[in-house]
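Residue-level structural notes
Here is how the chains run, residue by residue.
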Amino acid sequence: RFYEKVQALHQDPEASVDNPLLAFSLIKRLHSDWPNVIYSNEATENTQALHDGFKEVEQELPGAEDLDGAARALMRLQDVYALSVKGMANGVFQRAGAARPPLYSPSHHISLSADDCFHVGKVAYDTGDYYHSIAWLEEAVNLFRLSYGSWNPEDRSSLEDALDHLAFSYFMAGNISHALSLSREFLHYDPSNQRVVKNVAKYKKLLEMGPVGLARGCHGAPPHLCPPLSYLPLVLSLSQPTPEHLPHLRCSYETNGSPYLLLQPIKKEVVRFQPYVALYHDFISDAEAETIKSLAGPWLQRSVVASGEKQQKAEYRISKSAWLKDTADPVVRALEQRIAAVTGLDLRPPYAEYLQVVNYGLGGHYEPHFDHATSRKSPLYRMKSGNRIATVMIYVS
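Residues numbered from 1 in each chain as written. Predicted model: local features only at pLDDT ≥ 70, side-chain atom pairs only at ≥ 80, totals over all residues. Heavy atoms only, no water.

1. Details of unusual backbone geometry
Here Gln274 and Pro275 are connected by a cis peptide whose omega angle stands at -5°. Of note, the bond from Pro349 into Pro350 is cis; its omega dihedral lies within 30 degrees of zero at 5°. Here Pro350 lies in the loop between α14 (330-343) and β9 (355-359). Phi is positive for Ala82, close to 50°, though the residue is something other than glycine. (Helix = DSSP H or I, 4+ residues; strand = E, 2+ residues; numbered from the N terminus.)

Listed below in structure tokens is the structure:
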């Protein structure tokens with residue numbers, strides 16, 4: 001049964017690349033669902049063979065960090081695009097609120113299970129992020145109620161688990177009456193749980209005492225219930241030119257005085273003057289993009305940031321990257337020549353860095369930052385190339 005479910009979901013190897021929900025479920029299936037099947041009571045007959053086979057591939061499977069990172073990525077997508085959690089659980093990337101067309105329709109449709117939603121909510125719960133935990137645990141509870149009585153050996157959680165975590169999340173949010181209601185529902189399924197019995201008594205007493213004061217944050221909500229700052233307003237403000245700039249923004253065919261561009265001028269659109277941003281259309285062909293991606297793929301590693309004189313991983317930069325020299329392939333060399341012709345800058349060593357290829361994977365991001373170094377202790381200065389003066393970004397997907 002488990003094999004048939006996985007085969008149905010993952011028959012197309014490319015599908016998990018364009019659907020964040022499928023990517024999350026694949027990581028979760030490999031990290032926790034599959035081991036739960038292996039070590040379940042139902043698997044006792046062929047236990048040793050299962051364990052031996054599993055240990056052969058265990059090192060190659062995603063770890064806890066991968067799974068939690070995938071869950072946080074779904075929450076990040078939820079925030080940036082104001083997505084409905086119920087919609088995401090049903091496989092639809094749709095804005096919360098009134099019925100609207102989906103923002104994005106991946107080629108492979110997938111819905112999340114109750115256990116999937118519980119895990120996302122649990123990741124938020126464990127960090128005290130009750131804004132997200134309430135939304136995802138609510139969906140988990142609703143789905144568990146629909147399937148109560150049936151049990152999948154790969155699942156780690158249950159309706160009782162979801163009710164327990166959701167009740168405490170609501171308690172932390174200041175909604176004690178709902179926390180009491182959920183705790184009472186929990187006791188309907190597990191009346192002997194003394195911890196929840198004590199919680200019910202505590203919630204009753206608090207309600208008898210009257211309203212509980214909580215610190216208020218955004219829109220009157222407690223600080224730990226405020227959604228993270230969305231990047232969307234920032235992106236929109238940067239992409240909309242001011243009225244006084246509009247008459248001066250223009251599109252043109254440019255040669256930049258370079259013989260390289262004489263027979264094939266570049267398509268340039270001035271997007272903004274302060275800071276100066278130019279967009280070059282059709283800068284890279286589909287074939288070149290595929291070559292770049294295939295060259296970088298085997299070398300991708302977690303991106304790092306400069307911290308003093310060191311480089312380290314950071315939660316505000318979630319991506320993988322690789323560096324390609326111009327000797328890696330004629331396509332890389334041609335691309336660097338094209339950049340040099342368009343910008344008029346010298347890209348020969350040591351004046352420019354190698355081509356950096358970045359994959360943002362499942363809901364990856366890089367928070368607003370300076371591309372140039374702000375300290376002479378930065379590793380940039382050890383490269384003898386000096387500080388960065390310009391950035392060229394090319395979208396290859």
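2. A word on the packing of helix α9 (residues 159-172) against helix α11 (residues 194-209)
Across the interface, α9 lies against α11 with an axial gap of 12 Å and an inter-helix angle of 25°. Relative to α11, the element α9 is oriented roughly parallel. In this structure, the crossing between α9 and α11 has a hand that is left-handed. Of the residues in α11, those touching α9 at Asp164, Ala167, Phe168 and Phe171 are Arg195, Val196, Lys202, Tyr203 and Leu206. Tallied by class, the residues present in the contact of α9 with α11 amount to six nonpolar, no polar and three charged. (Axes fitted to C-alpha atoms, helices over the stretch in contact; angles between N-to-C directions. Parallel < 35°, antiparallel > 145°, perpendicular 65-115°, else oblique. Left-handed = near helix turned anticlockwise from the far one by under 90°. Contact = heavy atoms within 4.5 Å. Nonpolar A, V, L, I, M, F, W, Y, C, P; charged D, E, K, R; others polar.)

3. Description of the side chain of Ser319
Mapping Ser319 onto the fold places it in the loop between β7 (317-318) and β8 (320-324). Residue Ser319 is classed as buried on the basis of its relative accessible area, which comes to 5%. Polar contacts involving the side chain of Ser319 include one to the side chain of Ser303, which spans 2.7 Å. Residues contacting Ser319, with those up to four places away along its chain left out, are Gln301, Arg302, Ser303, Val358, Asn359 and Tyr360. (Buried < 20%, exposed > 50% of the residue type's maximum accessible area, 1.4 Å probe, protein only. Polar contact = N/O pair within 3.5 Å; in protein donor to acceptor, adjacent residues only side chain to side chain.)

4. What about the sheet that holds strand β4 (residues 301-302)?
Taking strand neighbours across the sheet as the criterion, the three strands line up as β4-β8-β9 in an open arrangement whose pairing is antiparallel. Each edge of the sheet is formed by a strand with only one pairing partner; in this case those strands are β4 and β9. Pairing geometry for β4 and β8, over two bridges, is antiparallel. Across the sheet, residue Gln301 finds its bridge partner in β8, namely Ser321. Against the sheet, helix α13 (residues 286-296) engages β8 and β9, with an angle of about 105° to β8. (Pairing = 2+ DSSP bridges.)

5. Focus on helix α3 (residues 20-38)
At 3.6 residues per turn, the α-helix brings residues three or four places apart onto the same side. For α3, spanning 19 residues, the distance from its first C-alpha to its last is 26 Å, which sits close to the expected 27 Å at 1.5 Å a residue. When the local axis directions of α3 are compared, the greatest deviation, roughly 50°, occurs at Arg29. Judged by how many residues are buried, α3 sits mostly within the fold: 16 of 19 residues are covered. Taking the backbone nitrogen of Leu21 as reference, a side-chain oxygen 3.0 Å away marks Asn19 as the first, capping residue of α3. (Expected span 1.5 Å × (residues − 1). Bend = angle between axes of the 7 residues up to and from the residue.)

6. Looking at the environment of Val357
Inspection of the secondary structure puts Val357 in strand β9. Between the C-alpha atoms of Val357 and Trp323, which are 34 residues apart in sequence, the distance is 6.2 Å. Leave out the neighbours within four places in its chain, and Val357 touches Ile292, Ala296, Leu300, Lys320, Ser321, Ala322 and Leu324.

7. Looking at the side chain of Glu154
On the secondary structure map, Glu154 appears in the loop between α8 (130-146) and α9. Side chain to side chain, Glu154 and Arg1 meet in a polar contact 3.0 Å long.

8. Let's talk about α14
In a regular helix each residue adds 1.5 Å, so 14 residues correspond to 20 Å; α14 covers 20 Å between its end C-alpha atoms and thus fits that length. Three or more residues of α14 are buried, namely Val331, Val332, Leu335, Glu336, Arg338, Ile339, Ala341 and Val342. Contact partners of the buried residues in α14: β2 (266-272), β3 (277-281), α13, β8 and β9. Once α14 finishes, Gly344 follows within two positions and takes phi at roughly 75°, a positive value.

9. Looking at the packing of aromatic side chains
What the rule picks out here adds up to ten aromatic pairs. Relative to Tyr189, the ring of Tyr148 has its centre 4.6 Å away and its plane inclined at 45°; by these criteria the two rings are tilted. With Tyr148 in the loop between α8 and α9 and Tyr189 in helix α10 (residues 176-189), the pair connects residues that are 41 residues apart, well separated along the chain. Centroid distance Tyr280 to Phe283: 6.3 Å. Interplanar angle 50°. Geometry classified as tilted. (Phe/Tyr/Trp six-rings, centres within 6.5 Å; stacked < 30°, edge-to-face > 60°.)

10. As for the sheet that holds strand β1 (residues 251-254)
Strands belonging to one sheet form pairs held by backbone hydrogen bonds; the direction of such a pair is parallel or antiparallel. Spatially, the three strands line up as an open sheet ordered β1-β2-β3, and their pairing is antiparallel. Pairing within the sheet leaves two strands with one partner each, and these edge strands are β1 and β3. On average, each strand axis in the sheet is inclined to that of its neighbour by 35°, with strand direction left out of account. Two strands pair when backbone bridges link them, and β1 and β2 are joined in this way by four bridges, in the antiparallel orientation.

11. Section: a nonpolar patch on the surface
There is a patch of nonpolar side chains on the surface, built from Tyr81, Leu103 and Tyr104 and spanning about 280 Å² of accessible area. For Tyr81, a relative accessible area of 37% puts it in the partly exposed group. (Patch = residues over 30% accessible without salt bridge, like charges linked within 9 Å, V, L, I, M, F, W, Y side chains within 5 Å. Areas by Shrake-Rupley, 256 points an atom, 1.4 Å probe, with all protein chains shown as cover. Salt bridge = Lys/Arg side-chain N within 4 Å of Asp/Glu carboxyl O.)

12. Re the environment of Asp116
Among the secondary structure elements, Asp116 is positioned in helix α7 (residues 114-126). Discounting chain neighbours no more than four positions away, the residues touching Asp116 are Phe24 and Lys28. Here Ser113 takes part through its backbone nitrogen, which lies 3.0 Å from a polar atom of the side chain of Asp116.

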